[in-house]
Amino acid sequence: MNASPPALDSADTDISVSSSASRVDFLRAVLALGVGGFAIGTGEFVIMGLLPEVAKDIAVTIPQAGHVISAYALGVVIGAPVLAVLAAGWGRRALLIALMAVFAAGNFASAMAPGYVSLNLLRFATGLPHGTYFGVAALVAATLAPPGRRARAVGLVMLGLTGATLVGVPIAAWLGQLFGWRAAFVFVGVIALIAVVLLRRDIPDLAAPAGASPWRELGALKRKQVWFTLGIGAIGFGGMFSVFSYIKPTLIEVAGLPLGGVPFVLALFGLGMVAGNLVGSRLADKSLMRTIGGLLVYAALVLAVFTFAAHNVYTAAFNVFLIGTTVAIGPALQIRLMDVAGDAQTLAAALNHSAFNMANALGAWLGGVAIAAGLGWTSTGWVGALLALAGMGVFWWAVTSARASERPGPVGARRALRRSNAR
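Residues numbered from 1 in each chain as written. Predicted model: local features only at pLDDT ≥ 70, side-chain atom pairs only at ≥ 80, totals over all residues. Heavy atoms only, no water.

Caption draft 1: Region of the structure containing helix α10 (residues 224-236). Over its 13 residues, α10 extends 17 Å from the first C-alpha to the last, a length consistent with the 18 Å expected when each residue adds 1.5 Å. Burial analysis of α10 places ten of its 13 residues in the buried class, the great majority of the element. Among the residues of α10, those classed as buried are Gln-225, Val-226, Phe-228, Thr-229, Leu-230, Gly-231, Ile-232, Gly-233, Ala-234 and Gly-236. (Helix = DSSP H or I, 4+ residues; strand = E, 2+ residues; numbered from the N terminus. Expected span 1.5 Å × (residues − 1). Buried < 20%, exposed > 50% of the residue type's maximum accessible area, 1.4 Å probe, protein only.)

Caption draft 2: Representation of the packing of helix α4 (residues 67-86) against helix α17 (residues 345-372). Relative orientation of the contacting elements α4 and α17 amounts to 170°, with a least axis distance of 8 Å. With respect to α17, the element α4 is oriented roughly antiparallel. On α17, the residues touching Ala-73, Val-76, Val-77, Ala-80, Pro-81, Ala-84 and Val-85 of α4 are Thr-346, Leu-347, Ala-350, Leu-351, His-353, Ser-354, Asn-357 and Met-358. A per-class count over the contact of α4 with α17 returns eleven nonpolar, four polar and no charged. (Axes fitted to C-alpha atoms, helices over the stretch in contact; angles between N-to-C directions. Parallel < 35°, antiparallel > 145°, perpendicular 65-115°, else oblique. Contact = heavy atoms within 4.5 Å. Nonpolar A, V, L, I, M, F, W, Y, C, P; charged D, E, K, R; others polar.)

Caption draft 3: Structural view of the side chain of Asn-107. Position of Asn-107 relative to the elements: it lies in helix α5 (residues 92-111). With residues near it in sequence (within four places) discarded, Asn-107 still touches Arg-123, Thr-126, Phe-185, Val-188 and Gly-189.

Caption draft 4: Examining helix α2 (residues 51-58) more closely. Those residues of α2 lying buried are Leu-51, Val-54, Ala-55 and Ile-58. Projection of α2 onto a plane perpendicular to its axis shows the buried side chains occupying an angular sector of 100°, all on one side. A positive phi of about 60° marks Ala-59, the residue just after α2. (Arc of directions from axis to C-beta.)

Purely spatial values, then, with no claim about function.
Right, here's the structure in full:
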């Protein structure tokens, strides 16, 4: 005769159901936030593959058409701190919806831009919500996350951005090739509107922190550790961009990769970003500071190896995948900013994406300087390695400064010494 299973107490059942429901709610919220990130990532990167079409349509050179990329990045750098401060008292869900709505409108308007000046102005405006959206989305995800899983929650949100390079950008680029570059921006705008619906449905109505105000948010700028963390991102992460900005001519000219093989290698880069984001967020949950330091060393090694790996198609492709994985530092830096920002969370979280766009500009510029100086296409690997090591220097400075601030002051130190001598 089979023994009957033990009866479940109704309270235990309620707890189990409640826990399952909470997990479902968390996953739906993260999905909604990730769809917004997917829209932003697709909108940011798709233009890079459509510059010839844009240049021809608005009657400018390809380098001039490239200014729209810089205009968007400038919008991110400026918009992140400004909007985070101005909207300090807003509820989280309302702010996310408003930011995504502005992003959607900016992309629809970009699709109708009549010329060079209007397109640049509209791309600048479209970039304004970028940093604040990701900053607030990271805060919401970390708030809703189970204990000990903050970085993984942020990583899932960032998965939308990294996943865009693997899926969203190729689809948008295909639409742009088939129907014209304006169709790509319409596609991005539609994704952003879907994100608005999901955010409205699946994000809880979280209020702003008690006492939140623009002045309190600006208090983040008084904290040394906030500046150190931003410096690590702006400098140490620039190495990836120094190589990736010139990856197409390097693969063709040095590795001998056929033009048709470039999309495959770029897909490997996107796959590396997805893998790095998932692994890096797990490592950060286990040991945040060790993860940041270790990833900077890893980035320096991978970027330095590129100068040798770039001479063979297969080793170059594998190394490009590894370079993509260096994005693993993103969730770790986002969590670090949350930890050191005190009660100025929104501004600090948003500034993380300003720092990454500064890294983009710095890495691309220094890589170009090395190439223009006649050092060759592979010199970008050495530039990237040096930037990663410079970021390691900022990290060491941050750790040293944090330890110094935790030590007792001169008076406390003398008293401790006297007690020790007395014993």
